[in-house]
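# Observations on the three-dimensional arrangement
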Amino acid sequence: MIETALDIAAELRSSGLRDVSITDVDRAMYSSDASLFRVVPEAVVRARSADELRAAHEASRRLGVPLTLRGAGTSIAGNAIGPGIVVDTRGLDRVIEIDPESRTAVVEPGVVHASLQRAAAPFGLRFGPDPSSHTRATIGGMIGNNACGSRALGYGRTVDNVVDIDPIWGSDANPDEIVRQLHAVGDASLATIRTQFGRFGRQVSGYSLEHLLPERRNLSKFLVGTEGTLATVARATVNLVPTPKAKILVALGYADMAGAADAVPGIRSGFAGAEGPGLRLTALEGMDNRIIDLVRQKGKPVPELPRGSGWLFAELVGDDAAELEAAAPRLIAASDALGARVVTSVAEQETLWRIREDGGGLAGRSLARPAHSGWEDSAVPPEHLGSWLRDFERLLVEHDLQGIPYGHFGDGCIHVRIDFPFEPGRAASARPFRDFMHHAAKELKRYGGTISGEHGDGRARSELLQHMYEPDALALFSQVKRICDPRDLMGPGVITAPAAHAAADITQDLRPVRPRAKPRTALKLLHDDGDLGAAVHRCTGVGKCVAPHPTGVMCPSYQATKDEKDSTRGRARVLQEALDGGLLRGGLADDAVTDALDLCLACKGCSTDCPSGVDMATYKSEALHQKHDVRGERRPRSHLSLGRLPMWARLAAPFAAVANLTMRVPPLAALGKWVVGIDGRRSVPTFATRTLRRGDRRRGAARSTADATSPTPDVWIWADSFTDHFFPSSGVAALEYLRAQGLHARVIQDDACCGLTWITTGQLDRAKPMVERTVARLAGYVASGVPVVGLEPSCTATLRSDVVELADSEDARRVADGVLTFAELVARLGLPVPDLTGVEVVAQPHCHQSAVLGWAADEKLLREAGATVTKVDGCCGLAGNFGVEKGHYEVSVAVAETNLLPGLRAHPDAVVLADGMSCRIQVDDLAGRPTMHLAELLASRL
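From a predicted model like this one, the values you see are computed outputs, not experimental measurements.

## Here we look at the overall build of the protein chain
Along its length, the protein chain carries 44 helices and 22 strands. Considered along the principal axes of its C-alpha atoms, the protein chain spans approximately 105 × 70 × 55 Å. For the protein chain, the proportion of its 942 residues judged to be buried stands at 62%. Of the roughly 33800 Å² that the protein chain leaves accessible, carbon and sulfur atoms contribute 51%. Positive and negative side-chain charges of the protein chain, numbering 107 and 116 respectively, have mean locations separated by a distance of 4 Å.

The structure is reproduced here in structure tokens:
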């Protein structure tokens, strides 16, 4: 009898498994997926080979301990969590073979969908199914759930694209005997299987027993969609399809989503005759206006859409763009739409598809109450979609619930997040969830629908299978389970059990009803009503932060380490455990929290890149405040030195030349770095011998002598601490450029530090009065109507975001709304810019610039000026004090190697544009390249 996690870990290691963990951090991170549920495993295994998968199975059977297989952990129904042992398969990530002749690929289960696409692309091929999580979903996970995605209308489901699977069965019986018994099930149950299974394409719930019929017998296809409850995929052979040479998107507008659903059968039948090898309708997606509105509210651009409150996105692909455009009117004629727009721009198409892909996270935050997964992806035959959607909306009203439907309308599949009224610490609040789920399942059966159209049953819906299938079909599920996993060790509670239909109770292990601490916070946490628990539970586990090759900023440390702990999702899970009183008894001061937050760069990338709006930089600041200011635990030395850098810079200003000279003496430099906690391999930025404010005072005195009148300037430049004390050249260049345009520009002489370094290190008790003073000093300048411009992106972003979290006042909001970036100022005033034709620019936008301020104005200005612009994705890796602190150097360099340094090496002669102090120091330290602020670039071309 195995009694402890230590015993399990020892047995796993003795079986040859190298990466086994029973730490609280790992168990916390792997206790949840993208579902509502939390089940804490005893041990986590990160497998690297098929042999290790087999060893894990053998150990599970010897120990009698359950085994759950996991890909990227994005399963929405609770398919990727379980007691006992959880095995992360992402280390099995080899694309073993691409055969362009047979158009097949052989892959390991941990291969990410997008990685397979990259491997197949040189051959003009792709894997057909395209789930919204394709940047991180693994092929093994797609096989487990029978994933479909937006383009299943054109390419089919995962099962339609699987050729062969090498299984590791849950039973230790002879594999040939297992196959024989499964065939016997099919032979003995023809009537049940033929009448209840394989009725329409999106019937994913339960086991796909139609693949056991004599006329369709295929054990590999049968295993698709079994959710890891019968066998594990050791490797798979899948079909590939030709990559279309051209594609267009037709946006069709309707009065509401039900109207859009009504149009689906007519579009499919009306356009079917036009399809062929050179022309195909691959997607017909439904999108609700409330999701679009939420994107606009976040300040992100949305391409023009036709009139309506609900839309269908129809994608046409083929060999010839002109033929597609000629076919579009036929599709529109069959659509009965209020309006239509043919989108030919690839950039606009990608933007609309990105909004669609982020639908789950966006829908979760678009209602007055948080909306949840659970009833997630039901499907009906497409001819019933409009009627079912109206009935579904009626069900929501009857249960006093709301949800925003969207999804794969062309296949009859509806996604929705519903605002179930869960209450932390009150188990009874799960009753409305149970009532609705059972009522909706019963209603769905009237339409011949399926409770899962692509995400599987998992813990969320296995209990509901009793409403979808007759007792004889449910008995077959148990019989199949008994053959393949007689001891019920693989995903217990999911779909069925060997002896009887004993699925997991859908109200057990619910995360939203767990007790949750609500500490008194220093930050307002405005988007979550001051509730840190609600804020960290924004993370629903969709896993966009763990994509191997992301665009945007999130999450730089994960890109460097590939450790779940260093992802936004991993940190959120640890914070959830700390506040929910689960594994981490030390609360926010627990060592596991410190460990999880240590490599967070506070880049704020997640605040905009995460569909759910997780802002880990803010949560980190509050967690550090709770640990050090509230609990009184001693702060690291770097918090007192680097975390108060502007104060030390201000004190050192009169002695800047001496300080700089001292740091050129190696022994003194080494001692100084040790004292303040700087890694010895880092350079130390030099202090300005003349600050920006002091220099402008001198220029102002000279002007006053010549001209007694001192008019109000046309532009105020805010002297943030970094520009003032380290890079005044940016401010001088801005003054030169503005004055060259005939404008009277002055530097604000008030000492107005935004408190950024205090905020990022969680010194919020000190930051608050500092921020309030700065707001009081800047508010008058902003209110005067004279434009106020900030030059350091991180400080300007602090005014726009963090200030209102600390100083909840009208002045704070006025300052947040009123301070402009330099590019925004140039655009607002319509100032002429020098000709940059022939200038090649590699731009590294500061992370806060990307996440909070936006870089669109800068890019537009540069391109309109004639420059050739390459924008580097991701973070530079320095991120304020992070990259210079001891213990962070290697990760800082690794982050720089993900995007920045390769981008610089690819453009050795380009101007390196970097407005942020951190970015400039990182480029200088690691690449030895000079950098320029946008103001310096423009001023240099006058």
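Next, the rest of the story.
## Examining the sheet that holds strand β3 (residues 67–70)
Taken together, four strands build an open sheet; the order of strands is β1-β2-β4-β3 and the sheet is mixed. The two strands at the open ends of the sheet, each matched to only one other strand, are β1 (20–21) and β3. The pairing of β3 with strand β4 (residues 85–88) spans four bridges and is classified as parallel. Bridge pairing links Leu 69 to Val 87 in β4. Across the face of the sheet, helix α3 (residues 50–63) comes into contact with β2 (43–46), β3 and β4 while running at roughly 155 degrees to β3.

## Observations concerning the sheet that holds strand β5 (residues 95–99)
Pairing between the strands of a sheet comes from backbone hydrogen bonds, and it takes one of two forms, parallel or antiparallel. Pairing is antiparallel in the open sheet, where four strands are placed in the order β5-β6-β9-β8. Across the chains shown, the open sheet's two edge strands, defined by having one partner strand only, are β5 and β8 (162–169). If you compare each strand with its neighbour and ignore which way they point, the axes differ by 15 degrees on average. Here β8 runs beside strand β9 (residues 231–239); their pairing, made up of seven bridges, is antiparallel. Each residue of the ladder has a partner; that of Asp 166, found in β9, is Arg 235. The strands touched by helix α4 (residues 113–120) are β5, β6 (104–107) and β9; relative to β5, the strand with the most contacts, the crossing angle is about 40 degrees.

## Some points on the pattern of salt bridges
Per the stated rule, a full pass over the model turns up 65 salt bridges. Notably, a salt bridge pairs Arg 356 with Glu 285, separated by 2.9 Å at the nearest N-O pair. You can see Arg 356 sitting in helix α13 (residues 346–357) and its partner Glu 285 sitting in strand β12 (residues 279–288), a full 71 residues away along the chain. Here Arg 356 and Glu 285 have matching classes, each one buried. Linked through salt bridges whose partners overlap, the residues forming this network are Asp 391, Arg 394, Glu 398, Glu 443 and Arg 446.

## Here we look at the pairing of β2
A two-sided burial pattern is seen for β2, the buried positions comprising Ala 43 and Val 45 on one face and Val 44 and Arg 46 on the other. The sheet contact formed by β1 and β2 spans two bridges and is antiparallel. Each bridged residue has a counterpart across the sheet, and for Val 20 the counterpart in β2 is Val 45. Bridging between β2 and β4 involves four bridges; their strand directions are parallel. Paired with Ala 43 across the two strands is Ile 85, which belongs to β4.

## A closer look at unusual backbone geometry
Cis geometry marks the peptide bond from Met 554 to Cys 555, where omega comes out at -15 degrees. Structurally, Cys 555 is set in the loop between α20 (532–536) and α21 (556–561). For Asp 488, which is not glycine, the phi torsion reads 55 degrees and is therefore positive. For Asp 488, the position within the fold is in the loop between α19 (471–484) and α20. Of note, the phi angle at Ala 879 is positive, near 50 degrees, even though the residue is not glycine. Inspection of the secondary structure assignment puts Ala 879 in the loop between β20 (868–871) and α41 (889–898).

## Section: the environment of Gly 818
Along the chain, the position of Gly 818 falls in helix α37 (residues 810–818). In contact with Gly 818, not counting residues within four places along its chain, are Val 782 and Val 788.

## Digging into a positive patch on the surface
The grouping of Arg 690, Arg 694, Arg 697 and Arg 698 at the surface amounts to a positive patch. One can find Arg 698 in helix α30 (residues 692–706). On the accessibility criterion, Arg 698 (45% relative accessible area) is partly exposed.

Analysis parameters
Residues numbered from 1 in each chain as written. Predicted model: local features only at pLDDT ≥ 70, side-chain atom pairs only at ≥ 80, totals over all residues. Heavy atoms only, no water. Helix = DSSP H or I, 4+ residues; strand = E, 2+ residues; numbered from the N terminus. Buried < 20%, exposed > 50% of the residue type's maximum accessible area, 1.4 Å probe, protein only. Areas by Shrake-Rupley, 256 points an atom, 1.4 Å probe, with all protein chains shown as cover. Lys, Arg positive; Asp, Glu negative; His and termini not counted. Charge placed at Lys NZ, Arg CZ, Asp CG, Glu CD. Pairing = 2+ DSSP bridges. Contact = heavy atoms within 4.5 Å. Axes fitted to C-alpha atoms, helices over the stretch in contact; angles between N-to-C directions. Salt bridge = Lys/Arg side-chain N within 4 Å of Asp/Glu carboxyl O. Patch = residues over 30% accessible without salt bridge, like charges linked within 9 Å, V, L, I, M, F, W, Y side chains within 5 Å.

The values reported here are purely geometric and, on their own, carry no functional implication.
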